[in-house]
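# Structure at a glance
Below are the chains, spelled out letter by letter.
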Amino acid sequence: MSVLPDVPTSTDAPAPTEAAPTEAAAIETDVLIVGAGPAGLYGASYAGFRGLRVAVIDVLPQLGGQVSAMYPEKPIFDIAGFPAVRGRDLVANLVAQADPYGPRYLLGQRAVELSHGPDGRPVVVGDRGTTIVAGAVVITGGVGTFTPRPLPAGEAYLGRGQVYFVPDPAAHAGEDVVVVGGGDSAFDWAATLFPIARSVTLVHRTGRFRAHRATVEKVRGLGVEIVTDSEVAALHGAARLERVTVRHRTTGATRTLPAHTVVAALGFVADLGPIQRWGLALAARRIAVDTRMATNLPRVFAAGDITDYPGKVRLISVGFGEVATAVNNAATVIDPEAALFPGHSTEKEN
């Protein structure tokens, strides 16, 4: 997964990271996980629990995938057993859970080619020259490559007040902030920044919102001003952003808002990248899987948001179950004598 350059590149969870090799290197492992987001990290832990050697490859320079890149400070509400957990903390806990099994992390490397060797094992080649031969591959690449949809009026102010993400809400203490968008991310950022910033205004081009109704009502209840049927027409300021012009889409009337930061939360354009050339059966630009989380390619499985099947629900919590299913089924492909279900973790000796 890749993002634009202003994405944060750190988490509270340092991880063993292999520098990209300068010469072609070969690695052998039992399971290669493509994607180091929450599903991939849990897959590394679960494969280790099964006694399998694990390598994890991801194009981002840090663990955590979309969570670390887009909302490390935001609370996540769909993790069983946690009323809410900060994105950064979720990633740190997943890394700590996998640590005892010694997964091999290959970060800052994109998986570009997939083939099968003479013995039937998958062979994945990274864009830095690394070749990984695995007993099975589990793809947990989230949405693949994601690029934020631009704010047309704000491109000249990237790095000078216009941002796509808010990696550190505290950095906006005392600022006037304008959030643009009508989805969950826009409303989440508004709610997160409201207690910190001097002012928060949300601007959306229509009066209808894609965000969950409860989230919208929460933001309204906080007292955040919501400007509808309007768009940000211009950004102003010399060295740094100082104010924005907002224009009503029907009447053309304009108003000026103070703004030190504009958060463009307009969604993303997703692309599977090289994965879509691997010969995988795709459905709606996602990887089609069966009930074993197996793809149409031998020894290749997938889990998490990148997959599609009838009734699919895209939640982090669902991805955890899917990757456990994928690893269990991969284990039986690697070793036909292995049990599909190895037992519960509580049955293992400490």
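Keep in mind the model is a prediction, meaning the values are calculated, not measured. (Residues numbered from 1 in each chain as written. Predicted model: local features only at pLDDT ≥ 70, side-chain atom pairs only at ≥ 80, totals over all residues. Heavy atoms only, no water.)

In this section: the pairing of strand β17 (residues 261–264). Alternating residues of β17 divide into Thr-261 and Val-263 and Val-262 and Ala-264, and every residue in both groups is buried. Pairing analysis gives two bridges linking strand β10 (residues 162–163) to β17, with the strands arranged parallel. Bridging across to β17, Gln-162 finds its partner in Val-262. (Buried < 20%, exposed > 50% of the residue type's maximum accessible area, 1.4 Å probe, protein only. Helix = DSSP H or I, 4+ residues; strand = E, 2+ residues; numbered from the N terminus. Pairing = 2+ DSSP bridges.)

Glancing now at the layout of surface pockets. Estimates place the volume of the second largest pocket at around 320 Å³. Lining the second largest pocket we find 19 residues, and of these Val-180, Gly-181, His-204, Arg-205 and Leu-266 sit closest to its centre. Looking at which element gives the most residues to the lining of the second largest pocket, the answer is strand β14 (residues 230–236), with three residues. Considering only residue class, the lining of the second largest pocket consists of nine nonpolar, five polar and five charged. (1 Å grid on protein atoms, 1.4 Å probe; cavity = no way out; pocket = protein on both sides within 12 Å on 5 of 7 lines; lining within 4 Å. Points joined across faces, edges and corners; volume = space filled by probe spheres on them. Nonpolar A, V, L, I, M, F, W, Y, C, P; charged D, E, K, R; others polar.)

Along its 12 residues, helix α1 (residues 38–49) runs 17 Å from first to last C-alpha, staying within 8% of the 16 Å computed at 1.5 Å per residue. Counting buried positions along α1 gives 11 out of 12 residues, so the element sits mostly inside the fold. Pro-38, Ala-39, Gly-40, Leu-41, Gly-43, Ala-44, Ser-45, Tyr-46, Ala-47, Gly-48 and Phe-49 are the residues of α1 that are buried. In the core, the buried residues of α1 are packed alongside β1 (25–34), β2 (54–58), α2 (65–70), α3 (87–98), β5 (104–107) and α6 (316–334). Once α1 ends, the next one or two residues include Gly-51, with phi positive near 85°. (Expected span 1.5 Å × (residues − 1). Contact = heavy atoms within 4.5 Å.)

With antiparallel pairing, three strands are arranged side by side in an open sheet as β14-β15-β16. In the strand order of this sheet, the two ends are held by β14 and β16 (254–258), each with one partner. The sheet shows a mean angle of 30° between the axes of neighbouring strands, taken without regard to direction. Where strand β15 (residues 243–248) meets β16, five bridges bridge the pair, whose relative direction is antiparallel. By the bridge assignment for β16, Val-244 is matched with Leu-257. (Axes fitted to C-alpha atoms, helices over the stretch in contact; angles between N-to-C directions.)

Before going further, it helps to spend a moment on the pattern of salt bridges. Scanning all chains against the criterion turns up 12 salt bridges. Between Arg-121 and Asp-119 there is a salt bridge, and its shortest N-O distance comes to 2.7 Å. By relative accessible area, which is 22% here, Arg-121 ends up partly exposed. Linking Arg-220 and Glu-217 is a salt bridge whose minimum nitrogen-to-oxygen distance equals 3.9 Å. With a gap of three residues between them, Arg-220 and Glu-217 both fall in helix α5 (residues 213–222), about one helical turn apart. On the accessibility criterion, Arg-220 (42% relative accessible area) is partly exposed. By relative accessible area, Glu-217 is classed as partly exposed at 45%. Through salt bridges with shared partners, a single network forms among Glu-28, Asp-119 and Arg-121. (Salt bridge = Lys/Arg side-chain N within 4 Å of Asp/Glu carboxyl O.)

Okay, the side chain of Thr-215 next. Along the chain, the position of Thr-215 falls in helix α5. A relative accessible area of 17% places Thr-215 in the buried class. If we ignore the near neighbours within four places in the chain, the residues touching Thr-215 are Asp-184, Phe-187 and Asp-188.

In contact at an axis separation of 8 Å, α1 and α3 are set at 20° when each is read in the N-to-C sense. Considering the angle they form, α1 stands roughly parallel to α3. In the crossing of α1 with α3, the sense of the turn from one axis to the other is left-handed. Every residue of α3 that contacts α1 at Pro-38, Leu-41, Tyr-42, Ala-44 and Ser-45 is listed here: Val-91, Leu-94, Val-95, Gln-97 and Ala-98. (Parallel < 35°, antiparallel > 145°, perpendicular 65-115°, else oblique. Left-handed = near helix turned anticlockwise from the far one by under 90°.)

This part is about unusual backbone geometry. Positioned with a positive phi, Asp-229 is a non-glycine residue whose angle comes to about 55°. Positionally, Asp-229 belongs in the loop between β13 (225–227) and β14.

Closest axis-to-axis distance for the α1/α6 pair is 9 Å, and the angle between their directions is 40°. Judged by the inter-axis angle, α1 sits oblique to α6. For α1 against α6, the interelement crossing comes out right-handed. Facing α1, whose interface residues are Pro-38, Ala-39, Tyr-42, Gly-43, Tyr-46 and Ala-47, α6 presents Ile-316, Gly-319, Phe-320, Val-323, Ala-324, Val-327 and Asn-328. Across the contact of α1 with α6, the residue classes tally to 10 nonpolar, three polar and no charged.

Okay, the UniProt feature "binding site: FAD" (unreviewed entry) in the chain next. Following the UniProt record, the feature "binding site: FAD" (unreviewed entry) maps to Asp-58, Gln-66, Tyr-71, Ala-111, Phe-146, Asp-305 and Thr-346 here. By secondary structure assignment, the location of Asp-58 is in strand β2. You can call Asp-58 buried: its relative accessible area is 4%. A polar side-chain atom of Asp-58 sits 2.7 Å from the main-chain amide nitrogen of Ala-36. Within the secondary structure layout, Ala-111 lies in strand β6 (residues 111–116). Note on Ala-111: relative accessible area 8%, which makes it buried. Apart from the residues lying within four places of it in its own chain, the contact partners of Ala-111 are Val-34, Ile-57, Val-124, Val-125, Gly-126, Pro-274 and Trp-278. (UniProt positions renumbered as here; feature names shortened; annotations may be inferred. Polar contact = N/O pair within 3.5 Å; in protein donor to acceptor, adjacent residues only side chain to side chain.)

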